[in-house]
Amino acid sequence: RPFSPPPPPSLLPQRVAGLATDYCVRGTTLDALGRNPATGRAAPPTIRSVVLLEAASRGVNPQTTSAAIAEMSAAGAHIVNATSVQQALAQLCPPW
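As the structure is a computational prediction, the values presented were derived from the model and not from experiment.

A. Molecular detail of the sheet that holds strand 2 (residues 50-53). Strand order in the open sheet formed by three strands is 1-2-3, with parallel pairing between adjacent strands. Of all the strands in the sheet, the pair left with one neighbour each is strand 1 (14-16) and strand 3 (78-80). Within this sheet the neighbouring strands show an average axis-to-axis angle of 25°, counted without direction. Two strands pair when backbone bridges link them, and strand 1 and strand 2 are joined in this way by three bridges, in the parallel orientation.

B. Representation of the packing of helix 1 (residues 21-33) against helix 2 (residues 62-75) in the model. Relative to each other, helix 1 and helix 2 sit at 10°, their axes nearing to 9 Å. Of the possible angle classes, the one that applies to helix 1 and helix 2 is roughly parallel. Across from T21, D22, Y23, V25, R26, T29, L30 and L33 in helix 1, the residues of helix 2 making contact are T64, T65, A68, I69, E71, M72 and A75. Each residue belonging to the contact of helix 1 with helix 2 can be placed in one class, and the counts come to eight nonpolar, four polar and three charged.

What counts and how
Along each chain, numbering runs from 1 in the same order as the chain's sequence is written. Only residues with pLDDT of at least 70 get local features here, since the model is predicted, and only at 80 or more are side-chain atom pairs given and counted; chain-wide, interface and lining totals rely on the full set of residues. Water and hydrogen atoms play no part in the side-chain values, which are based on all heavy atoms of the structure. Strands qualify as paired when DSSP identifies two bridges or more between them. Helix and strand assignments come from DSSP, with helices taken as H or I runs of at least 4 residues and strands as E runs of at least 2, each series counted from the N terminus. Comment: axis = line fitted to C-alpha atoms, over the contacting stretch for helices; angle = value between 0 and 180 degrees taken between N-to-C directions. Note on angle classes: values under 35 degrees are labelled roughly parallel, values over 145 roughly antiparallel, values of 65 to 115 roughly perpendicular, and the remainder oblique. Contacts: residue pairs with any heavy atoms within 4.5 Å of one another. Under the grouping applied here, Gly and all other residues not named as nonpolar or charged are polar, the nonpolar ones being Ala, Val, Leu, Ile, Met, Phe, Trp, Tyr, Cys and Pro and the charged ones Asp, Glu, Lys and Arg.

Laid out in C-alpha cells, this is it:
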C-alpha cells in the first residue's frame with residue numbers, strides 16, 4: 001500500500017481534555033469554536049472541529065460539569081464518550 005501522509009494540522013480536529021471540564025476545558029473549547037461569550041474571540045481559521053475527550057477530563061462540580069458539557073455540545077463540539085482514554089484516542093486517531 002502506498003504511503004499516505006497524515007493531513008496537515010489545519011485539517012485535523014482539535015482535541016480538548018483536561019482539568020477542569022467546567023472551567024478551563026469549557027473556556028478553551030468555546031474559544032476554539034468562536035462561541036465564548038466571555039472573550040468574544042473568533043474561531044481560529046485552522047480549527048475545523050473540536051472534540052472533547054470526556055474520559056480524559058474531570059470537572060470540579062458534577063452539576064457545573066454536566067452544564068458545561070451540554071454547552072460545549074450545543075456550541076458544536078463533538079463529545080467522545082469512551083470508557084478509557086485509549087478507546088477515545090482509537091476513535092479519533094485512525095492509523096495512517
